Amino acid sequence: MQELDEHLTPLISEISGLIAERLLVDVSAPEDDLLATGLLDSLSLIQLLASLEERFGIRVPLDELQIEDIRSIKSIARLVDRQSVHSSAARATP
Amino acid sequence: MNILGISGLEHAMAFKKAHWPGLDEREYRISQGFDAAAALVIDGVPVAAAAEERFNRQKHSGRFPVGAISFCLGQVGLALDDVDLIAHSFDYAPYRRAYSIHPMTAKFYDDVCSREALLSLANRDLPGFPAERIQHVNHHLSHAASAYYTSGWNDCLVVVVDAMGEAQSASVYRGRRGKLEMLAEISALNSMGILYSLITLHLGFDFNSDEYKIMGLAPYGDPGRFRAFFDEAVQLCQDGAIRIPMLMQNRTREERENYTATRHYLERRLIRARQPEDEITCDHRDVAAALQECLDRVMLHICGHFGSITGLRKLALAGGVALNCTANGCLLKSGLFDELYVQPAAGDDGSALGAALFRAAQVGEISNVRFPTPFLGPAYSEDEIESALAEFDDRVVVHRSQSLAATCAEAARLIAEGRVIAWYRGRMEFGPRALGHRSILADPGRPEMRDRINAMVKMREAFRPFAPAVSLEQVHRWFDVPVGAELPYMITTVDVREEFRAQLPAITHVNGSARVQTVSALDNAEFHALLKAVGKATGREMALNTSFNVKGQPIVNTPREALQTFLGTGIEYLFLENVLVGRRLNATKYDPDLVQEAVGVLT
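Residues numbered from 1 in each chain as written. Chains lettered and ligands numbered in written order. Predicted model: local features only at pLDDT ≥ 70, side-chain atom pairs only at ≥ 80, totals over all residues.

Draft legend 1. Local environment of the sheet that holds strand β13 (residues 396–400) of chain B. Residues and elements named next belong to chain B. Spatially, β13-β22-β21-β14-β15-β20-β16-β19 is the arrangement adopted by the 8 strands of the open sheet, whose pairing is mixed. The strands lining the two open edges of the sheet, one partner per strand, are β13 and β19 (517–519). The average angle at which neighbouring strand axes cross in this sheet is 30°, direction not considered. One ladder, built from 4 bridges, connects strand β16 (residues 467–471) with strand β20 (residues 542–547); its direction is antiparallel. Bridge pairing links Ala 469 to Ala 543 in β20. Lying on the sheet, helix α21 (residues 559–568) is in contact with β14 (421–424), β21 (573–576) and β22 (579–583); it crosses β21 at an angle near 175°. (Pairing = 2+ DSSP bridges. Helix = DSSP H or I, 4+ residues; strand = E, 2+ residues; numbered from the N terminus. Axes fitted to C-alpha atoms, helices over the stretch in contact; angles between N-to-C directions. Contact = placed C-beta atoms within 7 Å.)

Listed below in structure tokens is the structure:
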């Protein structure tokens with residue numbers, strides 16, 4: 001899993017930067033639990049999803065969101081990665 | 001279709017009290033869902049609307065608006081079953097997942113915001129009404145609809161700014177060919193409305209209630225002293241958005257709920273918090289001035305940006321921040337737009353109207369004509385007035401005029417003599433302003449009048465200015481506006497012409513501005529007739545016009561409340577329709593017990 005996630009490193013860094021910029025939250029490690037620590041609340045989660053959609057050109061409908069997908073920066077990176085693939089596939093479909 | 005719009009979140013305050021015990025009473029107003037109201041739209045036309053506070057007499061009440069609903073239906077003789085649809089001006093369902101990330105917010109969602117919570121209230125107060133005929137409309141979309149579908153414009157920019165809706169603090173739409181298209185939104189994390197309210201609280205006033213007092217205090221201060229603080233606090237972004245980092249300092253649940261980190265920051269970096277009983281000093285005036293300047297800057301930025309990129313020159317506004325007359329005046333003067341329309345019930349009471357209008361638009365029923373002066377509340381019959389008078393028979397003397405003309409002539413004579421009169425006629429206004437149907441009136445030319453009415457009549461803060469109502473024909477004579485400029489809702493400041501400022505001391509603010517209301521014969525005929533009569537008596541078709549209530553009390557609704565308030569204050573004469581009411585000589589001038597009763601549960 002560790003190796004599989006290596007390609008996510010730039011994404012993790014970008015998402016950390018986005019969270020710092022938009023939510024003014026500095027997260028010390030990509031595995032930190034954003035929910036248990038209270039770093040994310042409902043309003044900041046809504047803002048985060050909007051920021052992810054804007055930055056990465058993906059769609060993350062709130063009503064389809066799995067809470068585990070936004071528990072840490074790492075899980076958010078996986079979500080963005082998955083959605084980006086879907087978006088690219090959708091764009092490639094004639 | 002018969003569509004009933006409603007607003008308010010009844011359980012919001014109770015939830016906060018249950019889960020955050022021990023807060024200062026004023027902190028419990030850091031909440032949502034106040035100003036419950038009902039508005040009935042029939043075949044696309046608003047026919048009745050009122051805030052629940054006018055019936056249950058609790059200012060800014062968020063209770064399920066059963067009193068207002070009952071009035072709306074009674075006004076047109078409908079039964080509840082005749083209502084095709086109820087539209088509530090909040091729609092939290094899309095955000096349910098976001099609230100589910102913590103047990104407390106999940107419970108808040110379930111108890112306060114959810115559809116189930118609304119249905120439970122409807123079941124309690126409107127038993128038997130089918131759940132499938134109760135729908136939700138996004139909060140800012142409701143506000144936007146209230147502005148766009150009453151603007152009379154086909155194509156315009158629509159901007160909504162308030163503390164927050166479900167998750168946003170500002171939303172920008174283009175209204176075109178009967179549809180609203182979302183252009184942008186600003187998160188509640190960067191809420192100018194919340195910042196304004198937090199500083200209102202910091203200055204010793206009430207959050208979500210007293211912001212207009214800070215607006216009134218601002219011109220007494222020097223904005224320069226704290227300008228740098230606010231320039232740093234509220235950053236303007238190139239995309240038309242704003243950022244307010246100090247609102248994001250709140251990290252824990254407690255901090256987020258009550259903005260404690262932000263308030264500590266204000267304590268450290270701005271000035272010490274003022275307690276309500278403390279004297280108002282230049283510190284407070286200067287902070288108010290800088291805050292107001294900041295809001296003006298933000299409104300020009302947001303509206304200006306989207307006006308520029310769309311090329312639209314007509315601007316329609318709603319949302320609680322749109323009640324800020326000074327910011328509206330800045331927009332009007334800015335040249336950014338050719339025309340400005342502020343929906344007069346811009347606060348959450350108006351979102352009830354908007355929710356109904358939005359649903360009406362979806363079924364193609366909207367005609368979109370400009371909102372007349374919003375006399376959409378209850379009127380009371382001659383019998384009801386006589387019955388109320390009989391109740392106070394031992395304390396009042398009455399004189400019944402035979403005509404409106406005679407009543408106006410008598411009222412004008414009293415105003416010209418320097419008397420303070422209450423003027424009660426016809427249907428009550430919808431929205432926070434008294435526009436000539438539930439008003440206290442006086443001569444604006446008397447220098448002592450402001451202090452006298454603040455102290456003896458309204459029993460409120462001495463610094464608060466009063467507004468002028470002036471005939472449409474004369475507005476340009478006294479105020480710096482073009483001939484025939486219509487400002488019928490008392491929601492925008494304009495400048496008093498320099499040469500008349502000294503002659504109009506009771507309505508000219510310290511910065512030379514006034515919250516003018518223009519009155520036309522077309523849609524406010526009786527009040528217009530009065531101003532014409534005043535013109536004959538004083539040479540000015542103008543009266544100081546303030547709402548018929550005392551501090552902390554909702555504006556009077558019934559004739560009985562009018563009499564109670566009249567007898568409990570220093571108002572000298574009361575006109576109930578064509579009945580002139582005075583005090584009996586043996587009646588005490590002020591009756592504290594009646595004031596207590598009038599103010600009701602708040603005291």
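That shown, we press on.
Draft legend 2. Representation of the packing of helix α8 (residues 192–202) of chain B against helix α12 (residues 260–269) of chain B in the model. Residues and elements named next belong to chain B. Two elements in contact, α8 and α12, have axes whose closest approach is 11 Å; the angle formed by their N-to-C orientations is 60°. Our classification of the angle between α8 and α12 gives oblique. For the pair α8 and α12, the crossing hand works out as right-handed. In this structure, α8 contributes Leu 198, Ile 199 and His 202 to the contact, and α12 contributes Thr 262, Arg 263 and Leu 266. Its residues placed into classes, the contact of α8 with α12 shows 3 nonpolar, 2 polar and 1 charged. (Parallel < 35°, antiparallel > 145°, perpendicular 65-115°, else oblique. Left-handed = near helix turned anticlockwise from the far one by under 90°. Nonpolar A, V, L, I, M, F, W, Y, C, P; charged D, E, K, R; others polar.)

Draft legend 3. Molecular detail of the sheet that holds strand β2 (residues 37–42) of chain B. Residue and element names in this part refer to chain B. With respect to topology, 5 strands assemble into an open sheet ordered β3-β2-β1-β4-β5, the strand pairing being mixed. Two strands close off the open sheet at either side, each with one partner strand: β3 (45–51) and β5 (134–136). Taking each pair of neighbouring strands and ignoring which way they run, the sheet shows an average axis angle of 20°. Of the strand pairs in this sheet, strand β4 (residues 85–88) and β5 are connected by 3 bridges, and their pairing is parallel. Each residue of the ladder has a partner; that of Ile 86, found in β5, is Ile 134. Docked against the sheet, helix α3 (residues 66–76) engages β1 (2–6), β2 and β3, running at close to 145° with respect to β3.

Draft legend 4. Structural context of helix α5 (residues 103–113) of chain B. The set of residues buried in α5(B) consists of B:Thr105, B:Phe108, B:Tyr109, B:Val112 and B:Cys113. Seen along its axis, α5(B) keeps its buried residues to an arc of 105°; they face one direction. On its buried face, α5(B) sits against α2 (42–56) of chain A together with α1 (11–19), α4 (96–99) and α6 (115–125) of chain B. (Buried ≥ 20, exposed ≤ 12 C-beta atoms within 10 Å, placed from the backbone. Arc of directions from axis to C-beta.)

Draft legend 5. How the structure looks around the environment of A:Arg71. All names here are of chain A. Inspection of the secondary structure assignment puts Arg 71 in the loop between α2 and α3 (73–92). In this structure, the C-alpha to C-alpha distance between Arg 71 and Pro 30, residues 41 residues apart in sequence, is 10.0 Å. Once residues within four sequence positions are removed from consideration, Arg 71 is found in contact with Asp 33, Leu 34 and Leu 35.

Draft legend 6. Structural detail: the confidence of the model for chain A. Scored by pLDDT, chain A comes out at a mean of 86, with 86% of its residues at no less than 70. When mean pLDDT is taken per element in chain A, helix α1 (residues 9–23) of chain A scores highest with 94 and α3(A) scores lowest with 80. (pLDDT = per-residue confidence, 0-100.)

Draft legend 7. Spatial organisation of the interface of chain A and chain B. Taken together, the contact between chain A and chain B spans 16 residues of the former and 18 residues of the latter. By residue class, the composition of the side of chain A that touches chain B is 10 nonpolar, 4 polar and 2 charged.

Draft legend 8. Structural view of the domain arrangement of chain B. Residues and elements named next belong to chain B. Per the domain assignment, the segments making up chain B are domain 1 (2–150 + 348–362), domain 2 (188–342) and domain 3 (382–602). Centre-to-centre separation of domain 2 and domain 3, based on C-alpha positions: 30 Å. With 12 residues of domain 2 at the interface, the matching set in domain 3 holds 15 residues. The set of elements that each furnish at least two residues to the side of domain 2 that touches domain 3 consists of α9 (211–217) and α14 (325–334). The leading source of residues in the side of domain 2 that touches domain 3 is α14, at 5 residues. Residues of the side of domain 2 that touches domain 3, tallied by class, amount to 7 nonpolar, 4 polar and 1 charged. (Domains from an automatic or database assignment.)

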